[in-house]
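Breakdown of the fold
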Amino acid sequence: MDLVLFGPPGAGKGTQAERLVEKLDVPQISTGDLMRAERKSGSDLGKKFDEYMSAGKLVPDELVLELMKKRLSQSDAQKGAIFDGFPRTQPQAEALDALLSEMGRKIAKVVVIEVPVEDIVERITGRRVDPKTGQTYHVRYNPPPSGVEVEQRKDDTEEVVRTRFEGYKKKTEPVLPYYEKKGLVARVDGVGSLDEVTKRIETALGL
Ligand code: AMP
């Protein structure tokens, strides 16, 4: 099954994707995670990603698509995937359809996790990550266990979050009608406990 998790930054796409991985037995593909890994490696490509990510700007489509092509060619991604934070622009959406079609696949559903803008800043600025495992926590809603050392993502500051949200409104949200026309969109209320939101997504997917 190929599934897109859609929604503003801080909607909980990554956390919910992790929860769906076991149930659907397909990998989570997060372009943000792939870019952070590349950045950590110190490569030239990683440095390029960093320029955009640190400013809260979208990375150019050509670079994102190159990354996605590579990821989809890996053996664990041959039966389906949960796309998290991708596509984020119309050209990315169209390119994803083309890539999947070459593999004889197509998107089964686009789940939009809806969270009001007021909640987003609080969610993102409270977000912490365990750099060793990549596991995400929130200082209030999902605190890390004692002894686990966490850090804040560089782009999780209030100023950058506002730029990221604007980018979502301007470039990403307008992709939705493309999927609506295909009848693929399911909207889910993203406010509530992690379990509640997971339940709503599972219901939307008929799981
Ligand atoms: P995320 O982890 O999904 O919040 O992404 C973090 C940052 O990585 C974004 O603010 C962008 O700078 C970049 N990024 C991740 N995915 C994409 C994408 N599909 N297209 C463009 N930029 C992306």
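Residues numbered from 1 in each chain as written. Predicted model: local features only at pLDDT ≥ 70, side-chain atom pairs only at ≥ 80, totals over all residues. Heavy atoms only, no water.

1. Overview of the overall build of the protein
Regarding its fold elements, the protein presents nine helices and seven strands. Taken over C-alpha atoms, the radius of gyration comes to 16 Å for the protein, in line with the 17 Å a tight globule of 207 residues would show. For the C-alpha atoms alone, the extent of the protein along its principal axes is close to 45 × 40 × 35 Å. Within the protein, the fraction of its 207 residues that count as buried is 45%. Of all intrachain contacts in the protein linking residues separated by at least 6 positions in sequence, the fraction that spans at least 24 positions is 69%. Accessible area for the protein stands at about 10800 Å²; split by element, carbon and sulfur atoms hold 50% of it. (Helix = DSSP H or I, 4+ residues; strand = E, 2+ residues; numbered from the N terminus. Rg over C-alpha atoms; globule rule 2.2 N^0.38 Å. Buried < 20%, exposed > 50% of the residue type's maximum accessible area, 1.4 Å probe, protein only. Contact = heavy atoms within 4.5 Å. Areas by Shrake-Rupley, 256 points an atom, 1.4 Å probe, with all protein chains shown as cover.)

2. Focus on helix α2 (residues 31-41)
Residues lying three or four places apart along an α-helix face the same way, a consequence of the helix completing one turn every 3.6 residues. Along α2, the residues classified as buried are Thr31, Gly32, Met35 and Arg36. Relative to the axis of α2, the buried residues are bounded by an arc of 135° and lie together on one face. Among the exposed residues of α2, those oriented more than 90 degrees off its buried face are Lys40 and Ser41. Elements that come into contact with the buried residues of α2 comprise β2 (28-30), α3 (44-55), α4 (61-72) and β3 (81-84). (Arc of directions from axis to C-beta.)

3. A closer look at the nonpolar core
Leu72, Phe83, Leu96 and Tyr179 are the most contacted members of the largest nonpolar core, which totals 51 residues. Residue contributions to this core peak at six residues, all from α4. Once residues lying within four places of it in the same chain are set aside, the contact partners of leucine 96 are Val4, Leu72, Phe83, Phe86, Pro87, Ile107 and Tyr179. (Core = buried A, V, L, I, M, F, W, Y, C linked by side-chain atoms within 4.5 Å.)

4. A short note on the pattern of salt bridges
For the structure on display, the rule yields 19 salt bridges. The residue arginine 105 makes a salt bridge to aspartate 2 at a minimum N-O spacing of 2.8 Å. You can see arginine 105 sitting in the loop between α5 (90-102) and β4 (107-114) and its partner aspartate 2 sitting in strand β1 (residues 2-6), a full 103 residues away along the chain. On the basis of relative accessible area, arginine 105 is assigned to the buried category, the value being 11%. For aspartate 2, a relative accessible area of 3% corresponds to the buried category. (Salt bridge = Lys/Arg side-chain N within 4 Å of Asp/Glu carboxyl O.)

5. A few points about the packing of aromatic side chains
In this description, a pair of aromatic rings is defined by centroid distance and the angle of the planes. Summed over all chains, the structure comprises four aromatic pairs. On the numbers, 6.2 Å between centres and 45° between planes, the contact of phenylalanine 83 with phenylalanine 86 is tilted. Accessibility expressed as a relative area gives 0% for phenylalanine 83, which makes it buried. Looking at phenylalanine 86, the relative accessible area reads 1%, which means it is buried. Members of the aromatic cluster, each reached through a chain of ring pairs, are Phe6, Phe165 and Tyr168. (Phe/Tyr/Trp six-rings, centres within 6.5 Å; stacked < 30°, edge-to-face > 60°.)

6. Here we look at the site of the ligand
Near the ligand, the surroundings consist of 16 residues, among which Thr31, Arg36, Lys57, Arg88 and Gln92 are the closest. Within the backbone of valine 59, a nitrogen or oxygen atom sits 3.0 Å from a nitrogen atom of the ligand. A distance of 3.0 Å separates a nitrogen atom of the ligand from a polar atom in the backbone of glycine 85. When the ligand is considered free in solution it has 480 Å² of accessible area, and contact with the protein chains removes 96% of it. Looking at which element gives the most residues to the shell around the ligand, the answer is α2, with four residues. Tallied by class, the residues present in the shell around the ligand amount to six nonpolar, four polar and six charged. (Near = heavy atom within 4 Å. Polar contact = N/O pair within 3.5 Å; in protein donor to acceptor, adjacent residues only side chain to side chain. Nonpolar A, V, L, I, M, F, W, Y, C, P; charged D, E, K, R; others polar.)

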